[in-house]
Amino acid sequence: MSQLSSVPNQTPSRPFADVLAEMGKENVSYKDLLATNEWRVFRKTIIERDDYYCSKCGQSDTCWYNGTLLRFAKFYHDGKQEFPFELCRMVDKRYYLHAHHKHYILGRLPWEYSTDELTTLCNECHVQIHLDQVIQVYKQIGEVLQPLNFTPCVKCKGVGEFPEYAHIESGVCFHCNGARYYELIGHPESFWFKD
Ligand SMILES: [Zn+2]
Ligand SMILES: [Zn+2]
Ligand SMILES: [Zn+2]
(Lines give C-alpha, C1' and ligand atoms only; values in the text may rest on other atoms or scores of the structure.)
(Ligands and ions follow the chains in the order given, each with its own letter.)
Protein backbone atom coordinates (compact mmCIF):
# COMPACT_ATOMS: atom_id res chain seq x y z
CA MET A 1 0.00 0.00 0.00
CA SER A 2 2.99 2.29 -0.08
CA GLN A 3 1.85 3.80 -3.39
CA LEU A 4 -1.39 4.97 -1.82
CA SER A 5 -1.73 8.51 -0.60
CA SER A 6 -4.75 10.63 0.19
CA VAL A 7 -3.68 13.20 2.73
CA PRO A 8 -2.22 16.43 1.39
CA ASN A 9 1.02 17.53 2.98
CA GLN A 10 0.11 19.45 6.06
CA THR A 11 2.08 21.82 8.14
CA PRO A 12 3.02 20.18 11.44
CA SER A 13 0.53 20.76 14.22
CA ARG A 14 1.28 21.47 17.88
CA PRO A 15 -0.63 21.29 21.15
CA PHE A 16 -2.71 24.41 21.77
CA ALA A 17 -1.03 24.91 25.14
CA ASP A 18 2.38 25.22 23.43
CA VAL A 19 1.05 27.74 20.88
CA LEU A 20 -0.51 29.79 23.67
CA ALA A 21 2.62 29.71 25.82
CA GLU A 22 4.86 30.71 22.95
CA MET A 23 2.75 33.38 21.25
CA GLY A 24 0.66 34.80 24.06
CA LYS A 25 -3.12 34.99 24.03
CA GLU A 26 -3.29 38.33 22.14
CA ASN A 27 -1.24 37.05 19.20
CA VAL A 28 -2.89 33.69 18.53
CA SER A 29 -4.91 33.95 15.31
CA TYR A 30 -7.63 31.66 14.01
CA LYS A 31 -5.03 30.39 11.56
CA ASP A 32 -2.88 29.32 14.51
CA LEU A 33 -5.87 27.60 16.11
CA LEU A 34 -6.36 25.54 12.95
CA ALA A 35 -2.75 24.36 13.18
CA THR A 36 -3.20 22.77 16.60
CA ASN A 37 -3.35 19.08 17.44
CA GLU A 38 -6.75 19.74 19.01
CA TRP A 39 -8.31 20.95 15.73
CA ARG A 40 -6.66 18.22 13.65
CA VAL A 41 -8.01 15.54 15.99
CA PHE A 42 -11.50 17.06 16.12
CA ARG A 43 -11.61 17.53 12.35
CA LYS A 44 -10.65 13.87 11.89
CA THR A 45 -13.39 12.82 14.34
CA ILE A 46 -16.02 14.60 12.22
CA ILE A 47 -14.80 13.12 8.95
CA GLU A 48 -14.61 9.63 10.44
CA ARG A 49 -18.10 10.01 11.93
CA ASP A 50 -19.36 10.83 8.40
CA ASP A 51 -17.60 7.75 6.96
CA TYR A 52 -15.30 9.88 4.82
CA TYR A 53 -18.11 11.09 2.58
CA CYS A 54 -19.35 14.57 1.78
CA SER A 55 -22.70 14.90 3.54
CA LYS A 56 -24.09 16.98 0.65
CA CYS A 57 -23.06 15.27 -2.60
CA GLY A 58 -21.83 11.90 -1.33
CA GLN A 59 -18.44 12.28 -3.00
CA SER A 60 -15.72 10.41 -1.17
CA ASP A 61 -12.15 11.45 -0.78
CA THR A 62 -9.78 10.71 -3.65
CA CYS A 63 -6.40 9.01 -3.60
CA TRP A 64 -3.57 8.25 -5.94
CA TYR A 65 -2.85 4.60 -6.57
CA ASN A 66 -0.04 3.61 -8.93
CA GLY A 67 -0.35 6.87 -10.81
CA THR A 68 -4.14 6.73 -11.12
CA LEU A 69 -6.53 9.02 -9.29
CA LEU A 70 -9.35 7.05 -7.69
CA ARG A 71 -12.35 7.66 -5.51
CA PHE A 72 -11.94 6.11 -2.13
CA ALA A 73 -14.29 3.27 -1.27
CA LYS A 74 -15.82 3.58 2.13
CA PHE A 75 -14.79 0.32 3.71
CA TYR A 76 -11.19 0.72 2.70
CA HIS A 77 -10.84 3.13 5.60
CA ASP A 78 -11.76 0.39 8.03
CA GLY A 79 -8.53 -1.34 7.06
CA LYS A 80 -10.38 -4.65 6.93
CA GLN A 81 -10.35 -5.22 3.20
CA GLU A 82 -7.93 -5.40 0.37
CA PHE A 83 -7.88 -2.27 -1.72
CA PRO A 84 -11.30 -2.50 -3.43
CA PHE A 85 -10.54 -1.78 -7.08
CA GLU A 86 -13.95 -2.97 -8.17
CA LEU A 87 -15.60 -0.28 -6.05
CA CYS A 88 -13.23 2.46 -7.09
CA ARG A 89 -13.54 4.53 -10.16
CA MET A 90 -11.08 6.78 -11.86
CA VAL A 91 -11.70 10.50 -11.49
CA ASP A 92 -9.96 13.39 -13.17
CA LYS A 93 -9.75 15.77 -10.24
CA ARG A 94 -9.12 15.55 -6.57
CA TYR A 95 -11.64 16.05 -3.84
CA TYR A 96 -10.72 16.95 -0.29
CA LEU A 97 -12.87 16.62 2.77
CA HIS A 98 -13.42 19.54 5.10
CA ALA A 99 -15.06 19.72 8.52
CA HIS A 100 -17.61 22.52 8.32
CA HIS A 101 -19.09 24.37 11.32
CA LYS A 102 -22.85 24.77 10.80
CA HIS A 103 -22.63 27.90 12.92
CA TYR A 104 -20.08 29.64 15.06
CA ILE A 105 -20.32 30.73 18.65
CA LEU A 106 -17.96 33.47 19.75
CA GLY A 107 -15.61 32.51 22.51
CA ARG A 108 -15.45 28.86 21.50
CA LEU A 109 -12.28 27.38 20.14
CA PRO A 110 -12.83 25.55 16.82
CA TRP A 111 -12.90 22.17 18.58
CA GLU A 112 -15.13 23.30 21.46
CA TYR A 113 -18.33 22.30 19.68
CA SER A 114 -20.40 19.16 19.86
CA THR A 115 -19.90 16.91 16.84
CA ASP A 116 -23.53 17.63 15.83
CA GLU A 117 -22.52 21.22 15.12
CA LEU A 118 -20.17 20.16 12.33
CA THR A 119 -20.52 18.18 9.14
CA THR A 120 -18.18 16.79 6.49
CA LEU A 121 -18.21 18.49 3.10
CA CYS A 122 -16.01 18.09 0.05
CA ASN A 123 -14.09 21.19 -0.97
CA GLU A 124 -16.59 22.04 -3.75
CA CYS A 125 -19.71 21.71 -1.60
CA HIS A 126 -17.96 23.59 1.18
CA VAL A 127 -17.35 26.68 -0.94
CA GLN A 128 -20.88 26.35 -2.37
CA ILE A 129 -22.57 26.20 1.03
CA HIS A 130 -20.73 29.35 2.09
CA LEU A 131 -21.82 31.03 -1.17
CA ASP A 132 -25.43 29.96 -0.71
CA GLN A 133 -25.75 30.90 2.93
CA VAL A 134 -23.96 33.07 5.43
CA ILE A 135 -22.94 30.82 8.30
CA GLN A 136 -24.49 32.41 11.35
CA VAL A 137 -22.23 33.68 14.10
CA TYR A 138 -23.75 33.81 17.57
CA LYS A 139 -22.80 35.46 20.78
CA GLN A 140 -23.72 33.40 23.81
CA ILE A 141 -25.30 35.30 26.68
CA GLY A 142 -26.11 32.87 29.43
CA GLU A 143 -28.22 30.20 27.74
CA VAL A 144 -29.32 32.49 24.90
CA LEU A 145 -27.63 32.59 21.49
CA GLN A 146 -27.80 36.07 20.02
CA PRO A 147 -27.23 36.22 16.21
CA LEU A 148 -24.62 38.68 14.97
CA ASN A 149 -24.46 40.30 11.54
CA PHE A 150 -20.91 39.52 10.47
CA THR A 151 -19.67 39.97 6.89
CA PRO A 152 -17.87 36.97 5.33
CA CYS A 153 -14.50 37.43 3.63
CA VAL A 154 -15.01 38.02 -0.11
CA LYS A 155 -12.18 35.69 -1.10
CA CYS A 156 -12.97 32.55 0.88
CA LYS A 157 -16.67 33.40 1.49
CA GLY A 158 -16.13 32.60 5.14
CA VAL A 159 -14.53 29.18 4.62
CA GLY A 160 -11.24 30.37 6.11
CA GLU A 161 -9.07 27.41 5.18
CA PHE A 162 -8.51 25.23 2.15
CA PRO A 163 -6.90 21.92 3.15
CA GLU A 164 -6.27 21.16 -0.54
CA TYR A 165 -3.76 24.01 -0.52
CA ALA A 166 -2.08 22.87 2.68
CA HIS A 167 1.22 22.63 0.82
CA ILE A 168 1.21 26.41 0.27
CA GLU A 169 0.61 28.89 3.08
CA SER A 170 -0.79 26.04 5.19
CA GLY A 171 -4.07 26.26 3.27
CA VAL A 172 -5.34 29.32 5.11
CA CYS A 173 -7.10 32.12 3.18
CA PHE A 174 -4.52 34.83 2.53
CA HIS A 175 -7.11 37.60 2.36
CA CYS A 176 -8.57 37.26 5.86
CA ASN A 177 -5.71 35.16 7.29
CA GLY A 178 -8.30 32.53 8.14
CA ALA A 179 -10.43 34.92 10.22
CA ARG A 180 -13.43 34.30 7.85
CA TYR A 181 -15.38 37.41 8.83
CA TYR A 182 -14.15 40.98 8.54
CA GLU A 183 -15.23 41.68 12.08
CA LEU A 184 -12.81 39.02 13.31
CA ILE A 185 -9.72 40.21 11.45
CA GLY A 186 -7.08 41.71 13.69
CA HIS A 187 -8.57 40.95 17.06
CA PRO A 188 -9.10 37.23 17.37
CA GLU A 189 -8.20 37.21 21.05
CA SER A 190 -11.36 39.03 22.04
CA PHE A 191 -13.50 36.53 20.20
CA TRP A 192 -11.83 33.18 20.46
CA PHE A 193 -10.99 33.07 24.13
CA LYS A 194 -13.16 32.95 27.14
CA ASP A 195 -12.59 35.55 29.80
ZN1 LIG B 1 -19.68 17.47 -1.86
ZN1 LIG C 1 -17.56 25.93 6.52
ZN1 LIG D 1 -10.90 34.61 3.71
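Up top you'll find the structure we're talking about.
Residues numbered from 1 in each chain as written. Chains lettered and ligands numbered in written order. Predicted model: local features only at pLDDT ≥ 70, side-chain atom pairs only at ≥ 80, totals over all residues.

Visitor: Teacher, can you tell me more about the overall build of the chain here?
Guide: The secondary structure content of the chain amounts to five helices and seven strands. Beginning at the N terminus, the succession of helices and strands in the chain can be written as α-α-α-β-β-β-β-β-α-β-β-α. Taking all 195 residues of the chain together, the buried fraction comes to 29%. Considering only contacts in the chain between residues 6 or more positions apart, those separated by 24 or more positions represent 57%. (Helix = DSSP H or I, 4+ residues; strand = E, 2+ residues; numbered from the N terminus. Buried ≥ 20, exposed ≤ 12 C-beta atoms within 10 Å, placed from the backbone. Contact = placed C-beta atoms within 7 Å.)

Visitor: How should I be thinking about the pairing of strand S2 (residues 68-71) in this particular structure?
Guide: Two faces make up the sheet, and in a regular strand the side chains alternate between them. As paired strands, strand S1 (residues 62-65) and S2 are joined by four bridges and run antiparallel to one another. What sits directly across from Trp 64, in S2, is Leu 69. Remark: two residues form the turn of the hairpin made by S1 and S2, two consecutive strands paired antiparallel; Asn 66 in that turn has positive phi of roughly 50°. (Pairing = 2+ DSSP bridges.)

Visitor: Any chance you could explain the sheet that holds strand S7 (residues 144-148) here in plain terms?
Guide: What the three strands build is an open sheet, ordered S4-S6-S7; its pairing is mixed. If you trace the sheet from one side to the other, it starts and ends with strand S4 (104-105) and S7, each paired once. Where strand S6 (residues 137-141) and S7 come together, five bridges link them in antiparallel fashion. Each bridged residue has a counterpart across the sheet, and for Lys 139 the counterpart in S7 is Gln 146.

Visitor: In this structure, what is going on with helix H1 (residues 16-23)? I would like to understand it.
Guide: Structural remark: α-helix, 3.6 residues per turn; residues separated by three or four positions point the same way. Counted residue by residue, H1 has zero buried out of eight residues, so it is predominantly exposed. In the segment just after H1, Gly 24 is the residue with positive phi, at about 85°.

Visitor: It is not clear to me how the pairing of strand S5 (residues 118-122) should be interpreted in this structure. Could you clarify?
Guide: By the criterion of burial, S5 is predominantly enclosed, with five of the five residues buried. Judged by which residues are buried, S5 turns out to be covered on both faces: Leu 118, Thr 120 and Cys 122 on one side and Thr 119 and Leu 121 on the other are all buried. The sheet contact formed by strand S3 (residues 97-101) and S5 spans five bridges and is antiparallel. Among the inter-strand pairings, Ala 99 is bridged to a residue of S5, identified as Thr 120.

Visitor: Help me understand helix H3 (residues 37-49) in this model?
Guide: In this model H3 runs 18 Å from its N-terminal to its C-terminal C-alpha over 13 residues, within 8% of the 18 Å that 1.5 Å per residue would give. All of the buried residues along H3 are Arg 43, Ile 46 and Ile 47. Burial along H3 is one-sided: seen end-on, the buried residues are contained in an arc of 95°. In H3, the exposed positions angled more than 90 degrees off the buried face are occupied by Val 41, Lys 44 and Glu 48. One or two positions beyond H3, positive phi appears at Asp 51, with a value near 55°. (Expected span 1.5 Å × (residues − 1). Arc of directions from axis to C-beta.)

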